[in-house]
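Residue-level listing of the chains:
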Amino acid sequence: LVEGKTSKEYLEIKKMAFTEPKLLHAILKNLAESLAEYALFQIENGAQLIQIFDSWAGHLSPRDYDEFAAPYQKMILEKIKEKYPTVPTVTYIKHSGSLIERMAATGVDVVSLDWTVDMAEGRERIAAGREKAGLKGPGGVQGNLDPGVLFGDFATIKERAEEIMKKA
């Protein structure tokens, strides 16, 4: 949207965050409102779970995540939970190791961990983030297998998957 094409570094939107933050907040608010409405439409048409993929959030510092990502994730989640409180929600942010507690504090039901965080450590951090935010329950977790493991042999894949399941 802001980058004009796919991006690995998100330099244009970061530039906007620091040079025109009011404009970026207006864009993000509009986008969050639209995504929330679309999520409701999906649920009304059979979706049993909503997963939010936040492509640029893993490129943000914790401070910038708190300003430019978390509030808009919360807007989407609150709109979903207001109308459909029992529909599970999941958030995935690639390279989110420094943001796990903050992700959990948005009110999402499940935090999807990438492979850069130990599953057991991630579970503890999710529970801590939810508790600090005053949310009930430890929260759920999913994911965590390095996609590169799939290049391994069956025994390696099985070992890694079972290790994750035991820690989950």
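The rules behind each value
- Residues numbered from 1 in each chain as written.
- Predicted model: local features only at pLDDT ≥ 70, side-chain atom pairs only at ≥ 80, totals over all residues.
- Heavy atoms only, no water.
- Helix = DSSP H or I, 4+ residues; strand = E, 2+ residues; numbered from the N terminus.
- Buried < 20%, exposed > 50% of the residue type's maximum accessible area, 1.4 Å probe, protein only.
- Polar contact = N/O pair within 3.5 Å; in protein donor to acceptor, adjacent residues only side chain to side chain.
- Contact = heavy atoms within 4.5 Å.

K.L.:
Break down unusual backbone geometry for me, citing the residues and quoting the values.
P.N.:
Even without being a glycine, Tyr10 presents a positive backbone phi close to 60°. Tracing the chain through its elements places Tyr10 in the segment before α1 (11-19). The exposure class assigned to Tyr10 is buried, which follows from its relative accessible area of 15%. A positive phi angle is found at His95, which is not glycine, with a value near 60°.

K.L.:
How would you explain the side chain of Asn144 if you had to name every residue and give the values?
P.N.:
Relative to the helices and strands, Asn144 is located in the loop between β4 (140-143) and α7 (154-167). The exposure class of Asn144 is buried, given its relative accessible area of 11%. For Asn144, the side chain forms a polar contact with the main-chain oxygen of Asp114, separated by 2.9 Å. Within the structure, Asn144 has its side chain in polar contact with the backbone oxygen of Val117 (distance 2.6 Å). What Asn144 contacts, discounting residues up to four positions off in sequence, is Leu113, Asp114, Trp115, Val117, Met119 and Ile164.

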